[in-house]
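# Summary of the model geometry
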Amino acid sequence: MAAPAATDGGTTATKPTIVLVHGAFADASSWNGVVERLERRGYTVIAPANPLRGLYSDSAYIASVLDSIKGPIVLAGHSYGGSLISTAAAGNPQVKSLVYISALMPDVGESGMTLGAKFPSELGTATKSVPYRAGSVSGTDLYLKPDRLRPVFAADLPESTTRVMAATQRPAATTAFSETAKVAAWKHIPSWFLVAKQDKTINPDQERFEAKRAGSHMVEINSSHVAMISHPDAVTDLVLQAATAADSARPALAATGTTHGAWAETALTGIAVGSLIAGAGAILLGRRLRYSAP
């Protein structure tokens, strides 16, 4: 997949391909408003399906998508998708920038659960656990309680929209939040971070902590957890900053944390059974609607 030539003053002869990774309880349509805006600016955009089965296997899948792309890449993740881009980009020299939208950004040895335990949110009151079976594999899926979805996750969206989100949500296996990161690509790749100040899914203080630790360029907006749906212009602007920044304007790389090698883990471990720790992990909302550009 070749990216188009730059036509709007970008710093390179070829525009990067922009890859947008959704989080838990969502599908790629949650990025629709951002995709439309980026495509109008002449960018090639890919929003792959996230399997939502666990950090290790989901990251390996996203890494395989990146391997299919020719040329530079800007990789963005929302919520749990932030954990995936932190792992999938490690060791890939084509990934030039990472963008986190109200996202998880774990260091080596951290998980969504451990981060959420340090920075509690209202997420733990909004989920229910449902056992699942898929062939010889069984485990526990997490769903959002319909009556908690709007106040906790999408308070700045219409009630009619959040009712559809509740009905069409995709579950995430508990391993999405319990598996610990083995790498942290943000230590080697410049990053941008959008903090949603009204987020009740991930504590905004957690988002600020992650961004500061990584040396990210950070912006804050008054948004619920689903900023790419309720504020697509602000999210698009941040992605464009990452796509067009000259090397001299890039944020400093992280100076703290454990060093690591390239991503190599691809095996899916057994899916953990049990309840999500109160306030843990970031769970994004799912919907299968098109979000039209203004």
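Before any of the text, the structure's been laid out above.
Figured I'd write up the structure that's included with this text. (Residues numbered from 1 in each chain as written. Predicted model: local features only at pLDDT ≥ 70, side-chain atom pairs only at ≥ 80, totals over all residues. Heavy atoms only, no water.)

## A look at the overall build of the protein chain
- Within the protein chain, the regular secondary structure consists of ten helices and nine strands.
- Relative to its full complement of 294 residues, the protein chain shows a buried share of 57%.
- For the protein chain, the accessible area works out to roughly 11,000 Å², and carbon and sulfur atoms hold 54% of it. (Helix = DSSP H or I, 4+ residues; strand = E, 2+ residues; numbered from the N terminus. Buried < 20%, exposed > 50% of the residue type's maximum accessible area, 1.4 Å probe, protein only. Areas by Shrake-Rupley, 256 points an atom, 1.4 Å probe, with all protein chains shown as cover.)

## So, the pattern of salt bridges
- Within this structure, the stated rule accounts for nine salt bridges.
- In this structure, Asp-107 engages Lys-187 in a salt bridge whose closest nitrogen and oxygen atoms are separated by 2.7 Å. Taken together, the positions of Asp-107 in the loop between strand E4 (95-101) and helix H4 (112-118) and Lys-187 in the loop between helix H7 (175-178) and strand E8 (191-196) put the pair 80 residues apart, joining distant regions of the chain. Both residues of the pair, Asp-107 and Lys-187, belong to the buried class.
- With a closest N to O distance of 2.7 Å, Arg-208 and Glu-220 form a salt bridge. Taken as a pair, Arg-208 in helix H8 (residues 204-214) and Glu-220 in strand E9 (residues 217-221) lie far apart in primary sequence, twelve residues in all.
- Through salt bridges that share partners, Glu-110, Lys-118 and Arg-213 make up one connected network. (Salt bridge = Lys/Arg side-chain N within 4 Å of Asp/Glu carboxyl O.)

## Here's the deal with the sheet that holds strand E7 (residues 172-173)
- What the three strands build is an open sheet, ordered E5-E6-E7; its pairing is antiparallel. Two strands in the sheet have a free side with no partner beyond their single neighbour: strand E5 (127-134) and E7.
- In this sheet, strand E6 (residues 137-144) lies alongside E5 in antiparallel orientation, the contact comprising eight bridges. Bridge pairing in E6 places Ser-129 opposite Leu-142. (Pairing = 2+ DSSP bridges.)

## What about helix H2 (residues 55-67)?
- Under the 1.5 Å per step criterion, the end-to-end length of H2 is 18 Å for 13 residues, consistent within 8% with the ideal 18 Å.
- Among all positions of H2, only Leu-55, Tyr-56, Ser-57, Asp-58, Ser-59, Ile-62, Ala-63, Val-65 and Leu-66 are buried.
- In the core, the buried residues of H2 are packed alongside strand E1 (17-21), strand E3 (73-78), helix H3 (80-88), E4 and H7. (Expected span 1.5 Å × (residues − 1). Contact = heavy atoms within 4.5 Å.)

## Quick word on the sheet that holds E3
- In space, the six strands of this open sheet follow the order E2-E1-E3-E4-E8-E9, with parallel pairing throughout. In this open sheet, the two edge strands, each paired with only one partner strand, are strand E2 (45-46) and E9.
- As paired strands, E1 and E3 are joined by five bridges and run parallel to one another. Its bridge partner lying in E3, Val-21 is registered against Gly-77.
- Packed onto the sheet, H3 meets E1, E3 and E4 and runs at close to 145° relative to E3. (Axes fitted to C-alpha atoms, helices over the stretch in contact; angles between N-to-C directions.)

## Examining the nonpolar core
- Of all hydrophobic cores here, the largest spans 76 residues; its most connected members are Leu-20, Trp-31, Leu-38, Leu-75, Leu-98 and Val-99.
- By residue number, the principal contributor to this core is helix H10 (residues 232-244), which donates six residues.
- The contacts of Leu-75, once residues within four sequence positions are left out, are Val-19, Val-21, Leu-66, Ile-85, Ala-89, Val-95, Ser-97, Leu-98 and Val-99. (Core = buried A, V, L, I, M, F, W, Y, C linked by side-chain atoms within 4.5 Å.)

## What to know about the pairing of E6
- The loop that links E5 with its antiparallel partner E6 comprises two residues; one of these, Gly-135, has a positive phi angle of about 65°.
- The pairing of E6 with E7 spans two bridges and is classified as antiparallel. Opposite Leu-142, over in E7, you have Ala-172 as the bridge partner.

## Focus on the pairing of E9
- The pairing of E8 with E9 spans five bridges and is parallel. Among the inter-strand pairings, Leu-194 is bridged to a residue of E9, identified as Val-219.
- Crossover connection from E8 via H8 to parallel E9: handedness right-handed. (Right-handed = clockwise from strand over helix to strand, strands pointing away.)

## Describing the packing of helix H5 (residues 146-153) against helix H6 (residues 159-168)
- Where H5 meets H6, the closest approach of the two axes is 9 Å, and the angle between their N-to-C directions is 125°. On the basis of the axis angle, H5 is oblique to H6. Two packed elements cross with a definite hand, and for H5 against H6 that hand is right-handed. Where H5 approaches H6, its residues Pro-146, Leu-149 and Arg-150 are matched on the opposing element by Glu-159, Thr-162, Met-165 and Ala-166.
- Considered class by class, the residues forming the contact of H5 with H6 number four nonpolar, one polar and two charged. (Parallel < 35°, antiparallel > 145°, perpendicular 65-115°, else oblique. Left-handed = near helix turned anticlockwise from the far one by under 90°. Nonpolar A, V, L, I, M, F, W, Y, C, P; charged D, E, K, R; others polar.)

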